[in-house]
Amino acid sequence: MAHNVAVLGARYFFVDLLGGIVLFPVWWYTRGLVRMWKFVAHSIRDEARVLGIWIWLKNIFVPMYAAYDIWGRIISFFMRGVQIIGRTIFLIVYVILTILLFLAYLILPVIIVWQFLFHFLGAVFFVV
């Protein structure tokens, strides 16, 4: 069955293009929000696994390089302590940045629409 090009063009314009523009905010704050939250949660979990803080904590009293004398144990304990503290600080900063990314995802469309309306209305009504 042959379709009229004008009908197909009108369908594309009104249904696909305008429908996509109208339904984009719905997607952004429903399925897109869930996808973003999953990304943030998986990213934090993966970074914690890469840093291996629990492994460092589990082995904090195990001497490094099989140095079982008192100085080997003291040095190993303090070096692992420094590693644990540094990795924990890095993980906290990473969590804060990913949460800020998630909050930016929430607020970005609102800011874009507000700026668009602000400049559009300013250009229309305040022309010199």
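Just above, that's the structure.
Residues take numbers from 1 onward in each chain, read along the sequence in its written order. This being a predicted model, a pLDDT of at least 70 is required before a residue's local features are given, and a value of 80 or more before pairs of side-chain atoms are given or counted; all residues contribute to the totals for chains, interfaces and linings. With hydrogens and water stripped out, all remaining heavy atoms of the structure feed into the side-chain values.

1. Side note on helix α4 (residues 70–125)
Helix and strand assignments come from DSSP, with helices taken as H or I runs of at least 4 residues and strands as E runs of at least 2, each series counted from the N terminus. Multiply 1.5 Å by the residue count of a helix minus one, and that product is the helix's expected span. With 56 residues, α4 should cover 82 Å at 1.5 Å per step; its first-to-last C-alpha distance of 80 Å lies within 8% of that length. Along α4, the sharpest kink reaches roughly 40°, centred on I107 and followed within four residues by the proline P109. Relative accessible area decides the class of each residue, using a 1.4 Å probe on protein chains only: under 20% of the type maximum gives buried, over 50% gives exposed, and in between gives partly exposed. Taken as a whole, α4 has its buried residues at G72, S76, R80, G81, I84, L91, T98, F102, Y105 and P109. On the buried face of α4, the contacting elements are α1 (5–28), α2 (31–51) and α3 (53–58). To get the bend at a given residue, fit one axis to the seven residues ending there, fit another to the seven starting there, and take the angle between those axes. Here, two residues are considered to be in contact whenever any of their heavy atoms come within 4.5 Å of each other.

2. So, the pattern of salt bridges
Salt bridge, as used here, is a side-chain nitrogen of Lys or Arg placed within 4 Å of a carboxyl oxygen of Asp or Glu. On inspection of all chains with the given rule, the structure shows three salt bridges. Across the pair D16 and R11 runs a salt bridge whose closest N-O atoms are separated by 3.9 Å. Here D16 falls in the partly exposed class, since its relative accessible area comes to 37%. For R45, the salt bridge is made with D46, and the minimal N-O distance between the two is 3.3 Å. Given the relative accessible area of 43%, R45 is considered partly exposed. A relative accessible area of 34% places D46 in the partly exposed class. Three or more residues joined by partner-sharing salt bridges are found here, namely R45, D46 and R49.

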